[in-house]
Amino acid sequence: MTGQPGPDRDNGTQPAVEIVGRVVAVRPVGEIDITTAPALGSALAEALALVGTSRADRIVTDCSQVTFCDSSGLNALVAARLEAAGADTAIHLANPAPSSNACCR
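So, here is what we can say about the structure in this document. (Residues numbered from 1 in each chain as written. Predicted model: local features only at pLDDT ≥ 70, side-chain atom pairs only at ≥ 80, totals over all residues. Heavy atoms only, no water.)

### Regarding the packing of helix H1 (residues 37-53) against helix H2 (residues 71-86)
Between two packed helices, what matters for the description is the angle formed by their axes and the separation of those axes.
Argument step 1. Interaxial distance between H1 and H2 falls to 9 Å at its minimum, and their mutual angle equals 20°. Classified by the angle their axes make, H1 and H2 are roughly parallel. Both H1 and H2 take part in a crossing whose hand is right-handed. Together, Ala37, Leu40, Gly41, Leu44 and Leu48 of H1 and Ser72, Gly73, Ala76, Leu77, Ala80, Glu83 and Ala84 of H2 make up the contact between the two elements.
Argument step 2. A class-by-class count of the residues in the contact of H1 with H2 yields 8 nonpolar, 3 polar and 1 charged. (Axes fitted to C-alpha atoms, helices over the stretch in contact; angles between N-to-C directions. Helix = DSSP H or I, 4+ residues; strand = E, 2+ residues; numbered from the N terminus. Parallel < 35°, antiparallel > 145°, perpendicular 65-115°, else oblique. Left-handed = near helix turned anticlockwise from the far one by under 90°. Contact = heavy atoms within 4.5 Å. Nonpolar A, V, L, I, M, F, W, Y, C, P; charged D, E, K, R; others polar.)

### Here we look at the sheet that holds strand E1 (residues 16-20)
Adjacent strands of a sheet form backbone hydrogen bonds with each other and so pair up, either parallel or antiparallel.
Argument step 1. One open sheet holds the 4 strands; their spatial order is E1-E2-E4-E6, and the pairing between them is mixed. Of all the strands in the sheet, the pair left with one neighbour each is E1 and strand E6 (90-94). Between one strand axis and the next, the sheet turns through 25° on average, direction left out of account.
Argument step 2. In this structure, E1 lies alongside strand E2 (residues 23-27), joined through 5 bridges in antiparallel fashion. Looking at the pairing, valine 17 lines up with valine 26 of E2.
Argument step 3. The strands touched by H1 are E1, E2 and strand E4 (58-62); relative to E2, the strand with the most contacts, the crossing angle is about 170°. (Pairing = 2+ DSSP bridges.)

### Considering the pattern of salt bridges
Argument step 1. The full count for this structure, using the stated rule, is 4 salt bridges.
Argument step 2. Of the charged contacts, one joins aspartate 57 and arginine 22 as a salt bridge, the two residues approaching to 2.9 Å between their closest N and O atoms. On the criterion of sequence distance, the pair formed by aspartate 57 in the loop between H1 and E4 and arginine 22 in the loop between E1 and E2 is long-range, its members being 35 residues apart.
Argument step 3. Note that aspartate 57 is salt-bridged to arginine 58, the shortest N-O span being 2.7 Å. (Salt bridge = Lys/Arg side-chain N within 4 Å of Asp/Glu carboxyl O.)

Shown next as structure tokens:
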């Protein structure tokens, strides 16, 4: 174990982070669980840093390619939301799976 954030389980990649206009987009893929949640947390931290150094004013997490999210993934999202709120920034979830909608409201 290296202590580095792990990749998304389904495709072996880190969540993509990119600036699109005034939005920093975070795009996780596959399962988010205890193994992969640290990679999501790192991607969200990177996104928050980009908001502070670019014209972007919010973060959107595109969940359209997420196939599963457990409490570890939710914890990463909540922790990032709290950090963002402290920096006067918003984090939005886009395209969550229907099975996740109830817990993400």
